[in-house]
Structures are given as C-alpha cells and as structure tokens.
Amino acid sequence: MTVDERARYFRRLRKLRGSARRWSVVGGGLTAATAVLTPYAGIGIADAVWAASAGATAALAWWRWKDHRELAAIPPPPAPPAVLPGQRLVAAVERIPAGRQVIQEMRRHRDRYAVRGSAVAQAWDRLDRASTTLVGLAGRLTGPGEAALLEATVAEQWLRDLGQRVASVERALPLTAPDRRGVLEQSHESLATQFTEGVTAYESLVAAAASYVAEDGHPILGGQHPTLSSLVDATDRLRGIAEGLSELRRPPTPAA
C-alpha cells in the first residue's frame, strides 16, 4: 500500500505544532519558577539548574516553532484521487488470482459489447482469440520472445482503442448531415480497414510466437530431449530392479 504523502505532511505539521506548544508551556513554567525561586543574595547550584532548564526548554520551543513555520510554508502535496467503493471492491478482487481472471473476462465482455453490430465486430473477436492464445504462450516466450511480447502488448492496446474508435464513428454516421456524411464514411472505412489489417498482423505475430515456443522445446542437436531420454533410462532401471527382486522371491526349482 502506498503512503499518503498528504496525510503524512499534515501529521508531521500537527506533531511539530503540538511539540512546540508543550515546550513553550514547560519553558514558560521553568522561567517563572526561576524568577521566583532565585534568591536575591546570589544564585546557588539548584538555582543554576532551574535557570539552565528554563533556557534549554525555551530554546527547544523556539526551534520547534521554527520547524513548524518552515514546514507550513511548504505547499502540501496534492490530494490523492478519490477511490469509489466499487473501485475498492475491484482492487480487492484482483488481488486473488481467480478474481483477476474474472475481472479481466468481465472487461473483455464490456469492450466486446461496445463494438457489437459494428463493421469491426468479427475482427474484434479474432483479436480476442489471438490475445487469449498469446497469454497462454507468454510464460514460454524467453529471450527474443520477450521483446516480441512487449510489442504485441502495445499493438493490442492500440488495436482495441482503434476498434472502439471505429465503432464510435459508425454510431455517429446516422446523425451526420447528408452533405458531410460521405467524408465521414470514407474516414470510417479507412479506419475499419486499418483495424482489420492490424488484427491480421497481430495474428501473424501470435502464430510466429507459437512457432518459436514449439521450436524452443526441441533439443538442439535433434533426436530425443535429454529429459525424455532420462525418463526412459529411469524406467528401464526400475523395471530391471523389479525383475531382479521377483527372481529373488521366486522359490527355487527342485532338482530332478
């Protein structure tokens, strides 16, 4: 959880003000006691202690008020954005792995609902399928695959924004004046074509990522993977031990 800098600022300001007030009261009391208890005949050891204590507390009070004034002269940090109760609930659910998947699925359906019936609805479904496939491959994309995964993430965000933009423009077409509708239709068609081509390119990247994962799973020099060979060897060893134990437990054959 991040620290609220604004709350910490005002908490420190209140702490300094309270400390300055306490030391001012103590210093005033000690100064008054020193003035009353100091004898006219001179200052003894006890009176020197009273005077020193009064001077020290007065100095501390002055420093605390000075720190308070300096801090109060600094503008307080801006207030953090207000968090709605619904946002707190979503944040709490997202901390759970299963809850995170549920929230992501709800957001996916919400975005899909925003482009329903538009010219990019089918391409949007293709983007969803490709994105789900890439998520399954993400954990195995190492080395150069990590850079491709980052580029795919940026491209997906751009495509989703473009798809929603196309759907918004399409909904505005019936509201446009007839003399300007032609220009808007051309822009809408251009954006829709760009979105479809972008989805096709994204699918090609996902296919290339799948090929990388598949080839990365093969041994470098061909043949069986070392793990598979070790598994076969371990199986043969266990089978041999089992057969040996079986021979030992078998009763001897009586001589003819």
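As shown above, the structure is provided for reference.
Residues numbered from 1 in each chain as written. Predicted model: local features only at pLDDT ≥ 70, side-chain atom pairs only at ≥ 80, totals over all residues. Heavy atoms only, no water.

Enquirer: Is there a simple way to think about the overall build of the protein in this case?
Expert: Each helix and strand counted, the protein has 8 helices and 0 strands in total. Along the protein, from the amino end to the carboxyl end, the secondary structure elements read α-α-α-α-α-α-α-α. Counting over 256 residues, the protein shows a buried share of 21%. Counted over contacts in the protein with a minimum sequence separation of 6, partners at least 24 positions apart contribute 71%. Carbon and sulfur atoms form 62% of the exposed surface of the protein, whose accessible area is close to 18,500 Å². (Helix = DSSP H or I, 4+ residues; strand = E, 2+ residues; numbered from the N terminus. Buried < 20%, exposed > 50% of the residue type's maximum accessible area, 1.4 Å probe, protein only. Contact = heavy atoms within 4.5 Å. Areas by Shrake-Rupley, 256 points an atom, 1.4 Å probe, with all protein chains shown as cover.)

Enquirer: Sorry, what's going on with the packing of aromatic side chains here?
Expert: To describe a pair of aromatic rings, one takes the distance between the centres and the angle between the planes. All told, the structure shown has 1 aromatic pair when counted by the stated rule. The interplanar angle of 20° and the centroid separation of 6.2 Å between the aromatic rings of Trp124 and Phe195 together place this pair among those described as stacked. Of this pair, Trp124 sits in helix α5 (residues 121-138) while Phe195 sits in helix α7 (residues 178-216), and the two are 71 residues apart along the sequence. Just as Trp124 is buried, Phe195 falls in that class too. Arg160 extends its terminal NZ or CZ atom over the ring of Trp124, reaching a point 5.2 Å from the ring centre. (Phe/Tyr/Trp six-rings, centres within 6.5 Å; stacked < 30°, edge-to-face > 60°. Lys NZ or Arg CZ within 6 Å of the ring centre and 35° of its normal.)

Enquirer: In this structure, what is going on with α5? I would like to understand it.
Expert: Think of an α-helix as turning once every 3.6 residues; residues three or four places apart then point the same way. The terminal C-alpha atoms of α5 lie 25 Å apart, and with 18 residues this matches the ideal 26 Å at 1.5 Å per residue to within 8%. Among the residues of α5, Ala121, Ala123, Trp124, Leu127, Asp128, Ala130, Ser131, Leu134 and Leu137 are the ones counted as buried. (Expected span 1.5 Å × (residues − 1).)

Enquirer: Help me out: how do you make sense of the nonpolar core in this one?
Expert: Counting residues in each nonpolar core, the largest one holds 21 residues, and the members touching the most others are Val120, Leu127, Leu134, Leu159, Phe195, Val199 and Tyr202. Contributing elements (two or more residues each) for this core: α5, α6 (144-172) and α7. Ranked by residues supplied to this core, first place goes to α7 with 7 residues. Setting aside residues no more than four positions away along its own chain, Val120 makes contact with Val115, Gly163, Val166, Ala192 and Phe195. (Core = buried A, V, L, I, M, F, W, Y, C linked by side-chain atoms within 4.5 Å.)

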